[in-house]
Structures are given as structure tokens and as C-alpha cells.
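Examination of the molecular architecture
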Amino acid sequence: MTQLVEAICEERIEVPKADSPVPRRVFRALRRGLSRNPSRRYPSMDALLEALGGGSRTAAWVGGIGVVCIAAVGLGVAVPRQAAPCETSTRLDQVWSPEREARALDALGENRRAGRILNEYGRVLRKSVDAACEAEEPLSLACHDNVLASFDAVVGLLIEERDGIQPEAVIESLTKPSFCDGAASRPGTDSEMIALAGLLTRVDSLALSGLFDDALEDGHEAVRRAQGLGRPGLSLGAFYQRAKVYARRGDLEPAHADFTAAYELAVMTGNYGMSAQMALSLVWVTQNQNDLDGAEHWLRVASSAQEAQGGALGYRQARILMRSGEVALARTDMPRARKLLTESAELWRSLENAREEATVLASLVTVEIEAGELDAALVAARRAIEIFAAENGDGDPQLGSHYSNLGDVFLRRGQAEKALEAYEQAVRRREKSYGDEHLSTGRARTAKGSALLELGRVDEAKALFERVRRDAPPEELVAATAQMMLSRVASDGGEHERALGLANKAFISYETQLGAGHVASAEVRVQLARAKLAAGGLDGA
């Protein structure tokens, strides 16, 4: 009985599991009726019965709940008295009102996992806000006001039910209430600043759902507002969020410009932590621009900023190790890459960050494949999927990358059927998360096509490669990869002139973007040589 009352008083009321016989309307009615804030409960028994669907049986077991509560009092269980709410508490009542909560859960439909996460977040946030109100600490209250703005934006997006919204991705963008623990310096309670916090959360949520055009539209507005407020710290945040949208969309030049602007603002304000974070973001961008010298420059910058802040082992150090390992991998320095990535994975594990550990394991898969250690690669690929799915749910869009890695391992092991199954999982997730024409979807389709070729299903593979070449911008490497694969198909089919033309286009694209010394450029050069041989160009080959 004590545990029941404690659960009610702390609002620890779990969303029913997917196979629960309890209808959603009953859960919502009970949750509202058991609220410890009187203003959130039903105004009358008639209103409660109407929400439940009415009827004498309903009245009987609702009455039973009342008996439980009376019994709790009789047993001497103390139920806390509701204190007068402060402004922040009142704001939470508006953001997570029973009506908005019901609409958000309705929008989630059968996605019970997302419902439970959202329900738990609301409970933890309520507890954190109550503590801040009781302490009457201005900085903590100001911080919670900004967290509430983010929560408001997420709930609004869920209720909006816009096509393409990914609930898990949107919920992922929520700021944890623990962010305000010991708040020493947070944005103030100015209404424009609080509105900006909500807008930045909306930008992140839309980008995580793959709605990049919408995210950029809001991102431009966020940068404009931040600059208008004249506070460098706010501009830093706005540039950073917009840069992440560009990066996720694959627009590396504007991403580089925005990350650089954010880095300069971090340096100007003496924020070593954000300086290191922006430098690490620039490592990723320059690496993907195939500027490895630039990536190593920004790694040194990130390490210096980390040391200036104190250099303690933690999230940022784990990320520095991870990025260093990825650059070593791009340099094909496999022993160094394995050492750095292994250290990073171990540090992420000690920090209990499964998502990042899985990301590092994905890079280790590539290292093991290149080293010919296919058994180790298979273990790492499966482990990455296992911990990532357990932490983030089976619907997380990033799982597509991990299934692609698994497919790569199976293909190198000569298990084309299993490779095809893994690639199909990757394609489905990419299509759902990013749409048919996104570059990530194209890469997954190209990989699937390679498995189909190994299985002798040439027509299906050719159709996939043609689709990727049609959908991707011609300057993108995914288009060049599709051209290379089509060149192989043409060679095998005796279309030697076509094979040569396609291989030439792929070769020019790869050498222009990656340079002649890159291993991928070498693979395309081999295909070009084969095409020239088949076409009778012995000297050129």
C-alpha cells in the first residue's frame, strides 16, 4: 500500500504495455484523476465517468480506488500537501496539461515505448520543477523555464502529427531536467530567450526526423533572432544547431561555415567546453570533406581546449579518442585506429553511453574488415546493433548504419544471403527515416545491389543502381559508386563501351573528391582498367 501511495504521490504511473487489456482512454483518465495537483484532476465524478465511458461497473471500480486512498490515510501513510505553485510550476501545468498529454499520447498511437519515455520524462520534470520552486533558486528556475520551452516544442511537434515526424527522434531532443542541477549560469527568463530555446529544440527535432528543409527554415529564423538579441552565447547555440542540420543533410560547406562561426563565438566568450565541442564537429566535417590534414588540425584544437578546461576523462575525451581513431582509419593506419577506437569504446562503456559505444563499434567493424579479422568484425557489428537497439529502440534511424555494417561483414565472409537480409533492414530504415531520395538511402540501396549481384540477381541489382544514379546529384560519391557498379554489370553483359564510359565518369568523380591515393579511388581505377581491357585498350589498362 505504501508503495502504491508513493507511486501516486510521485506520479510514477507507467504507460500500459502493448499487450495490456487496459484501453488508452482508461489510462489517461486514471492518470489525470490521480494527479497530485488538484487543478489537473477532473472537476466532478460525472466528468471522470464520461472520460471513462460511463456505466455502473465503471462507477464501482472507481469507487474502489477511493477506498484504497481512504485506506492509505487510515494506515497512516502521509500524502504530501500540494504547495502553492510558482510561475515555473504553473508553466509546466500548461505545457503538460492533461489535454496536451492525452493528445500527445494519442499521436504516438501504438508506439508504447515512446509513450513510456514521454510519460517518465514528464514525471521527472515535474519532480525537478517542484524542487526548484521549493528552493526558490533564481538560476535553477530560469534554467527550468528554458527546459520547459524545449518540452513545449517537442509536445507541440508530436501533437501536430506532421508527415515524416519520427517520435523517438523528436523525444531524443528533449533536454534532461538534470541539466539544471547546480545551475550556475543559464539563459535568463526573458520571454524572447525562452522562445528561442523552444525554437532550437524544434530545429533539432525536425532534423532528427529527416525533415531538413523545415529544420533549416526554423534554423535561419533562430540565427536571426539570436543575433538580434545581441548575446554571443545565444548566437553560438543557434549557429551550432543550424550547422548540425546542414551536416545531417550532407551540406558540408555551410556546415563548416556555421561550426566555425560557433567555434569563434565560443573562443570569444571563453567557453572552453564549447570550443572543444565545435572543434570536434569540425573534425567530422573536414574528414568527410576528405581533408585529413584539416581534421588533424581540429583534433589538436579540441585537445588543447579540453586540457584548458581541466582535461578530465569524460564525454569529450571519449569523443576526442573516437574522432582520432576515425582519422587514423581514414589514413589506413589500422593499428593506431584499433587502439584509439578500442580505448574510446571502453570509455563510453564506463560512462554508460550505449549510443556512442555502438557508434565506435561501427568504426571498429571497418577496421577489422580491412585487417581481414572477419570474425571479430561480425562480433562487433552484432554487438553494436544489440546495444543500440536496447538503448534507443528498434525504430531508431541510426540502426540503418549498423545493419549496413553487418551486411558488409557478411558480404566479405561470402554469405551473400545474410548480407542481403542486413542490407534490406538498412534500406527500410533509411527510407522510413530520410525518404527515398536521401543520400543515406542511396548508399544503402547500392550496398543491397552489391549483394544481389553476388546472388546472380543481375536485373534487380541493375535497377537499384540506376535508381541511385537517377536520384543522387551527379557530383555526389554515391552517384559515382552506382556508376562503378553499373560499369561492372555492363562489362559482365558484354556492353564494353558503356562499361568504359561509366567507369570513366566514376573515376573522375572519385579522384576529384578523394584524391588519387585514396583506397576507394584505387578500386575505381581497377574497374576502369578492366573496362579498358574489355574494350581493347590494352595500353591504357
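So, a few notes on the structure that sits alongside this text. (Residues numbered from 1 in each chain as written. Predicted model: local features only at pLDDT ≥ 70, side-chain atom pairs only at ≥ 80, totals over all residues. Heavy atoms only, no water.)

**Examining helix α15 (residues 292-309)**
Defined as follows: Going along the chain from the N terminus, every DSSP run of H or I of four or more residues is numbered as a helix, and every run of E of two or more is numbered as a strand. Between the first and last residue of a helix there are one fewer steps than residues, each counted as 1.5 Å, and that sum is the expected span. Relative accessibility thresholds used throughout: buried, under 20% of the residue-type maximum; exposed, over 50%; partly exposed, between the two (1.4 Å probe, protein chains only). What the arc describes is the spread of directions from the helix axis to the C-beta atoms.
Taking 1.5 Å per residue, 18 residues should reach 26 Å; α15 reaches 26 Å between its end C-alpha atoms and fits that length. If you check which residues of α15 are buried, you get Leu292, Gly294, Ala295, Trp298, Leu299, Val301, Ala302, Ala305 and Gln306. For α15, the buried positions fall inside an angular range of 170° around the axis, keeping them on one side. More than 90 degrees from the buried face of α15, the exposed residues found are Asp293, Arg300 and Glu307.

**Topic: the side chain of Asp218**
Convention followed: Contact criterion: two residues are considered in contact whenever any of their non-hydrogen atoms come within 4.5 Å of each other.
Counting through the fold element by element, Asp218 comes out in helix α11 (residues 212-229). Apart from the residues within four sequence positions on either side, Asp218 is in contact with Leu199, Arg202, Val203 and Leu206.

**A look at the side chain of Asp145**
Inclusion rule: Here a polar contact means two N or O atoms within 3.5 Å. Within protein one must be a hydrogen donor candidate and the other an acceptor candidate, and residues neighboring in sequence count only if both atoms are side-chain atoms.
With respect to the secondary-structure elements, Asp145 resides in helix α8 (residues 138-160). A polar atom in the side chain of Asp145 sits 2.5 Å from the side chain of Arg91.

**Quick look at the nonpolar core**
Across soluble globular proteins, nonpolar side chains show a tendency to be buried alongside one another. Spelled out, the test is: What is meant by a nonpolar core is a set of buried Ala, Val, Leu, Ile, Met, Phe, Trp, Tyr and Cys residues, joined one to another through side-chain atoms within 4.5 Å.
Counting 74 residues, the largest nonpolar core has Leu118, Leu125, Phe151 and Phe259 as the members making the most contacts within it. Element by element, the count of residues in this core is highest for α8, at ten residues. Look past the residues within four positions of Leu125 in its chain and what remains in contact with it is Leu92, His144, Val147, Leu148, Phe151 and Pro177. Core analysis: the second largest hydrophobic core is formed by 63 residues, Ala345, Tyr403, Ala419 and Ala451 among them.

**Describing the state of the cysteines**
The condition that has to hold: When the sulfur atoms of two cysteines come within 2.5 Å, that pair is taken as a disulfide.
Counted according to the given criterion, the structure contains one disulfide. Paired through a disulfide, Cys86 and Cys133 show a sulfur-sulfur distance of 1.8 Å. In this pair, Cys86 sits in the loop between α4 (56-74) and α5 (87-95) while Cys133 sits in helix α7 (residues 112-135), placing the two residues 47 residues apart along the sequence. By relative accessible area, Cys133 is classed as buried at 15%.

**Looking at unusual backbone geometry**
The residue Asn290 is not glycine, and still its phi comes out positive at about 65°. Tracing the chain through its elements places Asn290 in the loop between α14 (272-288) and α15. What makes Asn290 partly exposed here is its relative accessible area of 32%. Although it is not a glycine, Thr332 sits at a positive phi angle of roughly 60°.

**Topic: the packing of helix α23 (residues 458-471) against helix α24 (residues 477-492)**
Here is the rule we go by: Angles shown run from 0 to 180 degrees and are taken between the N-to-C directions of axes, each axis being a line fitted to C-alpha atoms and, for helices, limited to the stretch in contact. Angle categories are assigned with fixed cut-offs, so that under 35 degrees is roughly parallel, over 145 is roughly antiparallel, 65 to 115 is roughly perpendicular, and the rest are oblique. Left-handed describes a crossing whose near helix is turned anticlockwise from the far helix by less than a right angle; the clockwise case is right-handed. Each residue gets one of three labels, nonpolar for Ala, Val, Leu, Ile, Met, Phe, Trp, Tyr, Cys and Pro, charged for Asp, Glu, Lys and Arg, and polar for the others, Gly among them.
One way to put it is that α23 packs onto α24 with a least axis distance of 8 Å and a crossing angle of 150°. With respect to α24, the axis of α23 lies roughly antiparallel. Once α23 is placed against α24, the crossing between them reads as left-handed. Residues Val458, Lys462, Phe465, Glu466, Val468 and Arg469 of α23 pack against Val478, Ala482, Gln483, Met485, Leu486 and Val489 of α24. Across the contact of α23 with α24, the residue classes break down as eight nonpolar, one polar and three charged.

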